[in-house]
Amino acid sequence: RPPAELHRCAVFCLLQLGAEIHDTPMVLVDRTLTDICFESAVLFSEAGPDFELKVELYSAGLAGGAAQGSTPRKLATRLSTSLGRSSGKRVRAAMDGGPGSPPGNGGTGPLLLPAPSVPGPKFHLLAHAVLSLAEVQDGFRTHDLAIASNEESSFWLPLYGSMCCRLAAQPRCMAAPVTSGFLRLQQPGAEALSGARLYCVLRGTDLLCYHGPDEAEAGLEPALTIAVNKETRIRATEREGRGQPHGMAVTNRYGGEEVTHTLLAESRPEAQRWMEAFWQHFYDMSQWKQCCDELMRIEVPPPRRPPAVLPRQGSLYHEMGECRGGGPGGLCLCLPPLCSPLICRRAAPSSP
């Protein structure tokens, strides 16, 4: 290929959800690669069901010999050391009014920062996308990218116009206990106070019933598990002869048969607390939709490591038909926000 076809670009992704912003490690890309892969997971700790995850891909063209000799580590160093250690000491001294401050400043005058000794590359928006609750699923999907530049730009890369990622979500109602306490399981036809007293925990799509709190804390197998999902029906029961709500009846359909479990609380306020927790739980599940069908796995990303050159392997282009949309030499963007790391492979195309 002509040298112009091998120009390199430094690229990274910026991901924003509300006020929380994350960036991916920076990678160097040239037109011999078929995939741009960001393998680190990105985790957002706060998100509502109406979230909008903005994904932006930025690129900077690296011209001349610097493009050929640079590595991600060297480029990252250039970007992070515009204000050197000695300059930083002078700035701190100027702010504190110490011996290193400029004469007559006293720490109160205007502070003039030194110009960066090494100018860094200028990044430009190359493509972007917005993901929402509709795109969440426990598996990889491709999403459309809006291209924000053209072939005449120095930072241009021939993207296919799509990205591949696994977007997962764990609502609190699925990952953490919603409420807990003692309930008495009433057997059909038995007296109200004759049932087994169980320690119950409402979490995810189940009401887990243990013999005591110690079993729940130890993570032992529950004595009884009652399904609580979008198809579950629940109604308040009345204590016989008093007309006051005392518990609840939980009805599920197993196969073609309906099964009802009657759970009695120890007091009317306690029964009311349980009913409010159930209704809130049903509301949260209706808002998060498919995210509450089952608990999605999310791995906590490891601490950020310095960028390194990854070995080239096979290409995602040859394995995922959904990513195919352009001719040879195009790039498939792969990143895994809110999910476990994506093992993505890169390789030079076999033909120009």
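Residues numbered from 1 in each chain as written. Predicted model: local features only at pLDDT ≥ 70, side-chain atom pairs only at ≥ 80, totals over all residues. Heavy atoms only, no water.

The chain appears in an unreviewed UniProt entry as RTKN protein from Podilymbus podiceps.

1. Quick notes on the overall build of the chain
Counting its secondary structure elements, the chain contains six helices and 17 strands. In the chain, which comprises 352 residues, the proportion classed as buried is 41%. Considering only contacts in the chain between residues 6 or more positions apart, those separated by 24 or more positions represent 66%. Total accessible area computed for the chain in this model is approximately 19,300 Å², and 51% of it derives from carbon and sulfur atoms. (Helix = DSSP H or I, 4+ residues; strand = E, 2+ residues; numbered from the N terminus. Buried < 20%, exposed > 50% of the residue type's maximum accessible area, 1.4 Å probe, protein only. Contact = heavy atoms within 4.5 Å. Areas by Shrake-Rupley, 256 points an atom, 1.4 Å probe, with all protein chains shown as cover.)

2. Quick look at unusual backbone geometry
Even without glycine at this site, Lys289 takes up a positive phi of about 50°. Locating Lys289 in the fold gives a position in the loop between helix 6 (268-288) and strand 17 (331-334).

3. Focus on the nonpolar core
Residues Val11, Leu53, Leu207, Met248 and Phe278 are the most contacted members of the largest nonpolar core, which totals 58 residues. Looking at this core, the element that brings in the most residues is helix 6, giving seven residues. Looking at which domains feed residues into this core, each of domain 1 (1-62 + 123-169 + 296-302 + 340-351) and domain 2 (172-292) gives three or more. Grouped together as the second largest cluster of nonpolar side chains are six residues, Ala10, Phe12, Met26 and Leu62 included. (Core = buried A, V, L, I, M, F, W, Y, C linked by side-chain atoms within 4.5 Å. Domains from an automatic or database assignment.)

4. Focus: the pattern of salt bridges
Under the criterion given, the structure shown has seven salt bridges. Close ionic contact of Glu46 with Arg172 constitutes a salt bridge, the shortest N to O distance being 2.9 Å. In this pair, Glu46 sits in the loop between strand 4 (35-37) and strand 5 (52-62) while Arg172 sits in helix 4 (residues 172-175), placing the two residues 126 residues apart along the sequence. Taking the shortest distance from any N to any O, the salt bridge between Lys230 and Asp293 comes out at 3.2 Å. Linking Lys230 in the loop between strand 13 (224-227) and strand 14 (233-238) with Asp293 in the loop between helix 6 and strand 17, this pair joins segments that are 63 residues apart in sequence. Residue class for Lys230 comes out partly exposed when judged on its relative accessible area of 41%. Salt bridges linked by common partners bring Arg233, Arg253 and Glu258 together as one network. (Salt bridge = Lys/Arg side-chain N within 4 Å of Asp/Glu carboxyl O.)

5. A look at the confidence of the model for the chain
Confidence in the prediction for the chain averages 75 pLDDT; 63% of positions are at 70 or higher. Summarising per-element confidence for the chain, the mean pLDDT is lowest in helix 1 (residues 64-69) (44) and highest in strand 12 (residues 206-210) (97). (pLDDT = per-residue confidence, 0-100.)

6. Here we look at the side chain of Ser59
Mapped onto the secondary structure, Ser59 falls in strand 5. With near-sequence residues (within four places) excluded, Ser59 lies in contact with Cys9, Ala10, Val11, Lys122, Phe123, His124, Leu126, Phe155 and Leu157.

7. Describing the environment of Glu52
Here Glu52 is to be found in strand 5. Separated by 35 residues in the primary sequence, Glu52 and Leu17 have C-alpha atoms spaced 6.2 Å apart. With sequence-adjacent residues up to four places away left out, Glu52 is seen in contact with Gln16, Leu17, Val130 and Leu131.

8. Here's the deal with the pairing of strand 9 (residues 159-166)
In the case of a regular strand, side chains alternate between the two sheet surfaces. Among the eight residues in strand 9, eight count as buried, and that is most of the element. Strand direction decides the pairing type here: strand 7 (residues 140-144) and strand 9, joined by five bridges, are antiparallel. Residue pairing across strands places Asp144 opposite Ser162, the latter belonging to strand 9. (Pairing = 2+ DSSP bridges.)

9. Examining the packing of aromatic side chains
Scanning the entire structure with this criterion turns up six aromatic pairs. Here the aromatic rings of Phe182 and Tyr199 are separated by 5.3 Å at their centres, their planes lie at 70°, and the arrangement is edge-to-face. Here Phe182 is found in strand 10 (residues 179-186), whereas its partner Tyr199 is found in strand 11 (residues 196-203), with 17 residues between them in sequence. Classification of Tyr199 as buried rests on a relative accessible area of 16%. (Phe/Tyr/Trp six-rings, centres within 6.5 Å; stacked < 30°, edge-to-face > 60°.)

10. Remarks on helix 6
Between the first and last C-alpha of helix 6 there are 31 Å, a value that for 21 residues agrees with the 30 Å anticipated at 1.5 Å per step. The set of residues buried in helix 6 consists of Ala271, Trp274, Met275, Ala277, Phe278, His281, Phe282, Met285 and Trp288. The buried side chains of helix 6 occupy one side of the element, clustering within an arc of 165° when seen end-on. Where helix 6 begins, the capping side chain belongs to Ser267, and its oxygen is found 3.2 Å from the backbone nitrogen of Glu270. The positive-phi residue at the C-terminal boundary of helix 6 is Lys289, with phi of around 50°. (Expected span 1.5 Å × (residues − 1). Arc of directions from axis to C-beta. Polar contact = N/O pair within 3.5 Å; in protein donor to acceptor, adjacent residues only side chain to side chain.)

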